[in-house]
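Report on the structure
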Amino acid sequence: QSGNLCPFGRTPVRDFAQADPVGDEIFEVLRGLYAYDRSELDARVELEDESSAHWRQEIVSIRAAYGNERLPVHLYLPRNTPPPYQAVVYFPGGGARFMTSSRNIRFEFARFIPRSGRALIYPIYKGTYERGDDLDSDYPEETNFYKEHVLMWAKDLGRSIDYLESREDLDTSKLAYY
């Protein structure tokens, strides 16, 4: 491993081009770790906000794929394009771990998405915003706690996509990830 400079010092960087691929049997075991039971979403609209000239915001909560938790999903639906919208699912930077509420998400870096006629989908992943916990770094760690978060993030993404597929105003055949 080599390191890149960042504000916090040297961070590990993995060169995936140098990694040996695993065999099919091990791949199936690893893929199984990310699987979840597709259960009822129990979608609840928590907020609708029409105040922006460029998009309409909805906050919907759905059942998470683990525990008895609710997964908030923020949707920013464009005003300048008729549905069905191409959906772009967002994963936030590390600063989301330090925020305590997603009610006033600042996403200046992604405003171009709903302005371009696409829907921005912003799930509140485990360990971020009001779903924060003791995760203290988004740099990969060889701890079970970190590995469990990676699995929960993947399941949060999957459940969010399940929700998107339930809506007629979103075209999930053109789904993007940002």
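Calculation notes
- Residues numbered from 1 in each chain as written.
- Predicted model: local features only at pLDDT ≥ 70, side-chain atom pairs only at ≥ 80, totals over all residues.
- Heavy atoms only, no water.
- Pairing = 2+ DSSP bridges.
- Helix = DSSP H or I, 4+ residues; strand = E, 2+ residues; numbered from the N terminus.
- Axes fitted to C-alpha atoms, helices over the stretch in contact; angles between N-to-C directions.
- Salt bridge = Lys/Arg side-chain N within 4 Å of Asp/Glu carboxyl O.
- Buried < 20%, exposed > 50% of the residue type's maximum accessible area, 1.4 Å probe, protein only.
- Core = buried A, V, L, I, M, F, W, Y, C linked by side-chain atoms within 4.5 Å.
- Contact = heavy atoms within 4.5 Å.

Examining the sheet that holds strand E6 (residues 85-89)
Picture the strands of a sheet paired through backbone hydrogen bonds; they go either parallel or antiparallel. An order of E3-E4-E5-E7-E6-E8 is seen for the six strands of this open sheet, with the pairing classed as mixed. Two strands close off the open sheet at either side, each with one partner strand: strand E3 (44-49) and strand E8 (170-177). Across the sheet, the axes of successive neighbouring strands diverge by a mean angle of 25°, strand direction being ignored. Bridge count between E6 and strand E7 (residues 119-123): three bridges; the pairing is parallel. The partner of Val88 across the bridge, within E7, is Leu120.

Topic: the pattern of salt bridges
Using the criterion set out here, one finds 16 salt bridges in the structure. A salt bridge links Arg31 to Glu28; the nearest nitrogen and oxygen atoms lie 2.9 Å apart. Of this pair, Arg31 and Glu28 both sit in helix H1 (residues 24-33), three residues apart, which is roughly one turn of the helix. Taking the relative accessible area as the measure of exposure, Glu28 reaches 41% and is therefore partly exposed. Of the charged contacts, one joins Glu69 and Lys126 as a salt bridge, the two residues approaching to 3.1 Å between their closest N and O atoms. With a gap of 57 residues between them, Glu69 in the loop between strand E4 (55-63) and strand E5 (70-78) and Lys126 in the loop between E7 and helix H3 (144-165) connect regions that are remote in the sequence.

Quick notes on the nonpolar core
Core analysis: the biggest nonpolar cluster contains 22 residues, and Ile62, Leu75, Ile121, Tyr163, Leu164 and Leu170 have the highest contact counts within it. Listed by contribution, the elements that provide at least two residues to this core are E4, E5, E6, E7 and H3. Of all the elements, H3 adds the most residues to this core, at five residues. Leave out the neighbours within four places in its chain, and Tyr163 touches Leu41, Ala43, Glu58, Val60, Ile62 and Leu75. Listed in part, the 13 residues of the second largest apolar core include Tyr76, Ile105, Ile113 and Tyr129.

Quick word on unusual backbone geometry
Excluding glycine, residues mostly have negative phi values, and the peptide bonds linking residues are mostly trans. Pro84 follows Pro83 through a cis peptide bond whose omega is 5°. Tracing the chain through its elements places Pro84 in the loop between E5 and E6. One non-glycine residue, Asp42, lies in positive phi territory at about 50°. Position of Asp42 among the secondary structure elements: in the loop between H1 and E3. Even without a glycine there, the phi angle at Tyr129 is positive, about 50°. Note on placement: Tyr129 falls in the loop between E7 and H3.

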